[in-house]
Structures are given as C-alpha cells and as structure tokens.
Amino acid sequence: MKRHTPFRIAAAAAGIAMLGSGVLAQEGDKEAVTVVKVTGENWFTRMEEGVNAYGQEHDGIATRQVGPARADAAQQAAIVQDLVAQGVDALAIVPMDPSSLEGILRRAMGRGITVITHEADNLENTQLDLEAFDNEEFGARFATRIAECMGEKGKWTSFVGSLGSLTHVQWADGGAKYMEQFPEMELVSPKNESFNDANRAYELAREILRTHPDIRGFQGGSAIDVIGIGRAVEEAGLEDETCVYGLGLPRDTSEYLESGAVDGISFWDPKDAGYVMNVLVDMTLKGEEVESGMDLGVPGYEDVTVSDGPGEGKIVRGQAWVDVDASNWKDYPF
C-alpha cells in the first residue's frame, strides 16, 4: 500500500531547500517529480493534491511535488538540475521562466528522463506540454469582461507574475489585442511584475492608482495579483468605480469578490492540472501516444487537442477554464 508522507530534501548543488510531499516509492516504481514555481502559494498547494492523488491511485509510479521557497527562476532551475543529477525517471515542470530551463531539460532527455511541462508552449526541450486552454483566448476572456464592465472606454492596465512567465505574458497580450477594437480603451503601464507576491501587487496597484487616478480597469496574471489589486482598490474606496478581473482561486479571492473590489476571476483547477501532468508522465513512460480527441479522465481534458510544439514535442490543450464571481465562488472548495 502506498502512503502519503511529508519530506524535505536539499538541493545540495544549489543550497536551496526543496519542500513538498509525495507518495513513497515501492521497489520497481518509476519516480516522477513535479516541480512548481513556488512552494506555499495556495495555487500550487492545490496542484499538489492532484500530483499525490495520481500516485496514490496508480501502481508502478511514485509521485511527489517540490519547488523553491520563493518564485525565482534561478532557484527553480537549480532544483531541476539537482533532480536530473539524481536520475529521477520523470519530471513534470511548471516553469517560472521556460527559457531558463532549455539546456537543463535537453540534458535530462539526453539521459533518458521523461520531461512533461505545463504553461510552457514555447519550450523546445519537452516531450509534452500541457495547456489548460488556448492562452490568447484566455487573456481575451478577461479583456472581454473588463471592456464590458467599463463601457468600452477608459484606462486599464495588466499584471504578470514576471515577464519570463510565458502564460501570464500571453494572457496580457491576448487582452491587449482584444482591446484594440475599442478606440476609447487606453492601456497604461502594461505587464506590471508582481513576482507572485500579493504585497508587491498591492504596492504596484497603489502606485498605478496614484499615477493614473482615473484608471478603471485591472487585468491580473499571477493567481495572487487580484488579491493585491483588490486590497488597493478597497482601501481607496473604489469598488464601484473599477473593474478588476484576473486569474485567482475562489477562497483566496472571496473577501474581495464579496466587497466588489474584485469583479471576477477565472482559473483552471490546479489539482486537475497536476493530475493530468502525471497522466501524461505515466503514458510517456509506458510508450503510449496522446492524440487529439483523447479523454484524459479529468473535467476539462475529456477531448484534448494535440498539436506540434516548437521542438520535437507536442502541445496538449484542454478546455478547462472556469469563471467565478460573487454569485458562485462558494461552489468551489479551494
């Protein structure tokens, strides 16, 4: 019987703590390690539930999740490099900055390690990259709601976890492209970098409100951006005058959804993404191909689309986004 246990191991080469938990490997099990952007953020705590669930439900594979203590591309790269040196069987990675991992992942695959990624459809050195949806469409979805809320006129801005966070940039660009059809919508100070820190997002939002007191729209990228933005909007008493939409989790954002400081969030369930990444790991380890139309057994991934990636790998896309506002956030237990 597999069991779930906490653990702490050191990335000796980098001097960085890798924190997480997982399913203990039994003799003969393949070892699959999911590496996330940062440990401790609720998004990735939820993802870990899916990672662990896959290992608990399937024989022959031991799954666990690790990540750096803060969102930093160099720290994440050092952790991945250490895991490659350990000779794990498979890596499932959510890159902080995909470009920073190209060389490491090339070496990993050269050593026979299976590499699956998530939120990294520009990576060349991956066998399969999982996307919850088309990222430009997701960004346009935020912009659609912001424009409607603002009456298609006024100043708005966008946030990203970092300029290296590919999907966040794609969402910001998708939103900006959508807004081009409205001549009275003005994008100011685009792609503010929060580095996945709600306090930093708060300070940035406060500064933007000081610089542009007539700004009305905010698009968040990182899962915690709307928390910081919402706090700044609420402190300024602008709940009824602003339109705030972005990525988020229901419980994290509920206070601001209820107050009106955040008007709506969208997300894909990180638990499901963590689970499906490990579905793809297991399939690849077994030499099984993933094809368009395949049902991967998780809501939002029942009819995936498979296309060529920029390298020799493939991109697997689902249709997994969910929209939430004050009326329905309680329907989601995370």
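In the block above lies the structure referred to throughout.
Every residue gets a number counted from 1 within its own chain, in the order that chain's sequence is written. Per-residue local features are limited, in this predicted model, to residues with pLDDT of at least 70; the limit for side-chain atom pairs, both in listing and counting, is 80 or more; totals at the level of whole chains, interfaces and linings are taken over all residues. Note: side-chain values were computed over all heavy atoms of the structure, leaving out hydrogens and water.

*Asks:* Tell me about the pattern of salt bridges, and name the residues and values.
*Replies:* By definition, a salt bridge exists where a carboxyl oxygen of Asp or Glu is found within 4 Å of a side-chain nitrogen of Lys or Arg. A complete count under the given rule lists 16 salt bridges for this structure. With a shortest N-O distance of 3.2 Å, Glu136 and Lys177 are connected by a salt bridge. Placement of Glu136 in helix H4 (residues 135–150) and of Lys177 in helix H5 (residues 166–179) is noted, with a sequence separation of 41 residues between them. Taking relative accessible area as the criterion, Glu136 reaches 41% and is therefore assigned partly exposed. One salt bridge connects Arg145 with Asp323, and the closest N-O pair in it is separated by 3.6 Å. Linking Arg145 in helix H4 with Asp323 in strand S16 (residues 322–324), this pair joins segments that are 178 residues apart in sequence. Accessibility expressed as a relative area gives 17% for Arg145, which makes it buried. Three or more residues are tied together by salt bridges with common partners; here these are Arg46, Glu49 and Asp269. Helix and strand assignments follow DSSP, with helices taken as H or I runs no shorter than four residues and strands as E runs no shorter than two, numbered in order from the N terminus. Buried, partly exposed and exposed residues are distinguished by accessible area as a fraction of the type maximum, computed with a 1.4 Å probe on protein chains only: under 20%, between the cut-offs, and over 50%, respectively.

*Asks:* How would you explain empty space enclosed by the protein if you had to name every residue and give the values?
*Replies:* Computed over the protein atoms alone on a 1 Å grid, cavities are sets of points where a 1.4 Å probe fits but cannot get out and pockets are open sets with protein on both sides within 12 Å along at least five of seven lines; a residue lines them when it has an atom within 4 Å of a point. Grid points are joined across faces, edges and corners, and a volume is the space filled by probe spheres set on the points. Summed over the entire model, instances satisfying the criterion amount to two cavities of 30 Å³ or more. Of the voids in this model, the largest cavity is the one considered here, and its volume is about 70 Å³. Partitioned by chemical class, the residues of the lining of the largest cavity number five nonpolar, three polar and three charged. Approximately 30 Å³ is the volume found for the second largest cavity. Here the lining of the second largest cavity is built from residues that sort into four nonpolar, four polar and four charged. Residues are grouped as follows: Ala, Val, Leu, Ile, Met, Phe, Trp, Tyr, Cys and Pro are nonpolar; Asp, Glu, Lys and Arg are charged; all remaining types, including Gly, are polar.

*Asks:* Which residues make up the packing of aromatic side chains, and what values do they have?
*Replies:* Between rings of Phe, Tyr and Trp, where Trp is taken as its six-membered ring, a pair exists when centres lie within 6.5 Å; planes separated by under 30 degrees are stacked, by over 60 edge-to-face, and by other angles tilted. Evaluated as defined, the whole model comprises 15 aromatic pairs. Arranged with centres 5.3 Å apart and planes meeting at 85 degrees, the rings of Phe133 and Trp268 form a pair that is edge-to-face. Taken together, the residues span a long stretch of sequence, with Phe133 in the loop between strand S7 (128–131) and H4 and Trp268 in the loop between strand S13 (264–267) and helix H9 (270–285) at a distance of 135 residues. Residue Trp268 is classed as buried on the basis of its relative accessible area of 2%. Three or more aromatic residues joined by ring pairs make a cluster, and in this case those are Trp43, Phe133, Phe138, Phe142, Trp171, Trp268 and Trp321. Note on criteria: charge over ring means Lys NZ or Arg CZ within 6 Å of the ring centre, with the direction from the centre no more than 35 degrees off the ring normal. The ring of Tyr202 is capped by Arg231, whose NZ or CZ atom sits 3.6 Å from the centre of that ring.

*Asks:* Explain the pairing of strand S8 (residues 154–160) to me, using residue names and the numbers behind them.
*Replies:* For a regular strand, the rule is simple: side chains alternate between the two faces of the sheet. Burial runs high along S8: six of the seven residues are buried. One ladder, built from three bridges, connects S8 with strand S9 (residues 185–187); its direction is parallel. Along S9, the bridge assignment pairs Trp156 with Leu187. With H5 bridging S8 and the parallel S9, this β-α-β connection has right-handed handedness. A strand pair is defined by DSSP finding two or more bridges across the two strands. Think of it like this: strands point away, you trace from the first strand over the helix to the second, and a clockwise trace means the crossover is right-handed.

*Asks:* Just give me the short version of the layout of surface pockets, but keep the residues and values in it.
*Replies:* The volume enclosed by the largest pocket comes to roughly 230 Å³. If you go around the largest pocket, the residues you meet are Gln127, Leu128, Thr284, Gly287, Glu288, Glu289, Val290, Glu291, Glu312, Gly313 and Lys314. Of the residues assigned to the lining of the largest pocket, the class counts are two nonpolar, four polar and five charged.

*Asks:* Describe the nonpolar core, with residues and values.
*Replies:* By size, the foremost hydrophobic cluster in this structure holds 81 residues, and its most contacted members are Trp268, Leu280, Leu296 and Tyr301. Considering every element that reaches this core, the biggest residue donor is H9, with eight residues. Only buried residues count toward a nonpolar core, which is a set of Ala, Val, Leu, Ile, Met, Phe, Trp, Tyr and Cys residues joined through side-chain atoms within 4.5 Å. Counting 19 residues, the second-largest nonpolar core is a separate cluster that includes Val35, Val84, Leu101 and Ile113.

*Asks:* Residues and numbers for H5, please.
*Replies:* Each turn of an α-helix holds 3.6 residues, which means side chains three or four residues apart point in the same direction. Helix span is expected to be 1.5 Å times the residue number reduced by one. Relative to the 20 Å expected for 14 residues at 1.5 Å per residue, H5 spans 20 Å between its end C-alpha atoms, a close match to the ideal helical length. With 10 of its 14 residues buried, H5 lies for the most part within the structure. Among the residues of H5, those classed as buried are Leu166, Thr167, His168, Val169, Gln170, Trp171, Ala172, Gly174, Gly175 and Met179. Where H5 is buried, its residues contact S7, H4, S8, S9, strand S11 (217–220) and strand S12 (243–247). Any two residues whose heavy atoms approach within 4.5 Å are treated as being in contact.

*Asks:* An account of the environment of Glu27 is needed here, citing residue identities and associated values.
*Replies:* The residue Glu27 is located in the loop between strand S2 (16–23) and strand S3 (30–35) in this model. Sequence spacing of Glu27 and Gly60 is 33 residues, and the spatial spacing of their C-alpha atoms is 8.8 Å.

*Asks:* Residue-level account of the pairing of strand S15 (residues 314–317), with values.
*Replies:* When S7 meets S15, the two strands line up parallel, connected through four bridges. The residue of S15 that forms the bridge with Asp129 is Ile315. Examined bridge by bridge, strand S14 (residues 305–308) and S15 share four bridges and lie antiparallel to one another. Residue pairing across strands places Ser307 opposite Ile315, the latter belonging to S15.

*Asks:* Account for the state of the cysteines, naming residues and giving values.
*Replies:* A pair of cysteine sulfur atoms is labelled a disulfide when the two atoms are within 2.5 Å. Scanning all chains against the criterion turns up one disulfide. One disulfide in the model links Cys149 with Cys243; its S-S distance is 2.1 Å. Taking the sign of the torsion about the S-S bond as the criterion, the disulfide between Cys149 and Cys243, at about -80 degrees, is left-handed. Of the two residues, Cys149 is situated in helix H4 and Cys243 in strand S12; the sequence distance between them amounts to 94 residues. The class of Cys149 is partly exposed, set by a relative accessible area of 31%.

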